[in-house]
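# Topology and contacts: notes
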Amino acid sequence: MSSKKMQPKKKRNCNPLIYALIDKETLLSKEVSLSEILQHIKTFPNIPILQYRNKSGSLEEKRADLEMIRSMYGGTLIVNDTVELIAYADGLHLGQEDLRKYSADLHEAVALVRKKIGTKLLGLSTHNKAEILEANSLELDYIGLGAYRATDTKSEANVGGQALLEAAKHSKHPVGIIGGVRLDDSFEKPILYKVIGSGLYQGLSSKQ
């Protein structure tokens, strides 16, 4: 399994790197083009990895977007869910439900996904200690963990806060913390990445 890009530093990491999350629905709601946000994030330091998420677009739209990202961004590119387009990315990120579509047996599900993506990176969303421990036995390169804070799309009932940070310590995989995470947040290992979505638009003038 090729996971060199995801290995945390040996010392305790008090300032995780940014894992950029570019969501097509968010782009549309903010009336910001994909090229505009890609140009804008060049002003951010330490964005070695970027995930493209588009839950409603066609394969043609997604492929065109991935090709644009490739042309404007030189880091590791992860595609959310759409395994059909793995050839255009460096890895795949799946949610819990996405993974279970392959099989109720998660080891079998991961094996089936691995047949499709080979040694490319594989990430899985988790939300609590139980899912983290379950993920520990799976052939993954990292996990996403959230929600950390309440957001417009995540109510307080789905927020883990400090308890989530304690749960993260049980992960054998590098962790990307997500959900209301701020650019100035600091976390300890195994949290390697702070996943930033809405925060990417900070300082970008939209058409709204």
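Rules behind the numbers
- Residues numbered from 1 in each chain as written.
- Predicted model: local features only at pLDDT ≥ 70, side-chain atom pairs only at ≥ 80, totals over all residues.
- Heavy atoms only, no water.
- Pairing = 2+ DSSP bridges.
- Helix = DSSP H or I, 4+ residues; strand = E, 2+ residues; numbered from the N terminus.
- Axes fitted to C-alpha atoms, helices over the stretch in contact; angles between N-to-C directions.
- Contact = heavy atoms within 4.5 Å.
- Core = buried A, V, L, I, M, F, W, Y, C linked by side-chain atoms within 4.5 Å.
- Buried < 20%, exposed > 50% of the residue type's maximum accessible area, 1.4 Å probe, protein only.
- Salt bridge = Lys/Arg side-chain N within 4 Å of Asp/Glu carboxyl O.

What follows deals with the sheet that holds strand β8 (residues 191-196). Taking strand neighbours around the barrel as the criterion, the eight strands line up as β1-β2-β3-β4-β5-β6-β7-β8 in a closed arrangement whose pairing is parallel. Across the sheet, the axes of successive neighbouring strands diverge by a mean angle of 25°, strand direction being ignored. As paired strands, strand β4 (residues 91-94) and strand β5 (residues 121-126) are joined by four bridges and run parallel to one another. In the sheet register, Leu-92 faces β5, and the bridge partner there is Leu-122. This element, helix α3 (residues 59-72), spans β2 (49-53) and β3 (76-80) of the sheet and lies at about 160° to β2. Contacting β4 and β5, helix α5 (residues 106-117) crosses the sheet at an angle of about 145° to β5.

A few words now on the nonpolar core. Nonpolar side chains tend to gather and get buried jointly when the protein is soluble and globular. Within the largest apolar cluster, 51 residues are counted, with the highest numbers of intra-cluster contacts made by Ile-37, Leu-50, Leu-92, Leu-99 and Ile-177. The dominant element in this core, judged by the number of residues it contributes, is α5, at five residues. Leu-99 has contacts with Leu-94, Leu-106, Ala-109, Val-110, Val-113, Leu-124 and Leu-138, leaving out every residue within four places of it along the chain. Among the nonpolar cores identified, the runner-up in size contains nine residues, and Tyr-19, Ile-49, Leu-121 and Val-195 belong to it.

Take the pattern of salt bridges next. What the rule picks out here adds up to eleven salt bridges. Residue Lys-24 is joined to Asp-65 by a salt bridge in which the shortest nitrogen-to-oxygen separation is 2.7 Å. With Lys-24 in helix α1 (residues 24-30) and Asp-65 in helix α3, this residue pair connects regions lying 41 residues apart in the sequence. Using a relative accessible area of 13% as the deciding quantity, one classes Lys-24 as buried. You can call Asp-65 buried: its relative accessible area is 9%.

Turning our eyes to something else, we now look at the environment of Met-68. Mapped onto the elements, Met-68 comes out in helix α3. Between the alpha carbons of Met-68 and Leu-34 there is a distance of 8.2 Å; along the sequence they are 34 residues apart. Not counting residues within four places of it along the chain, the set of residues in contact with Met-68 comprises Leu-34, Ser-35 and Leu-38.

Omega for the bond connecting Gly-146 with Ala-147 falls within 30 degrees of zero, at 10°, which places this linkage in the cis form. Mapped onto the fold, Ala-147 is located in the loop between β6 (142-145) and α7 (161-168).

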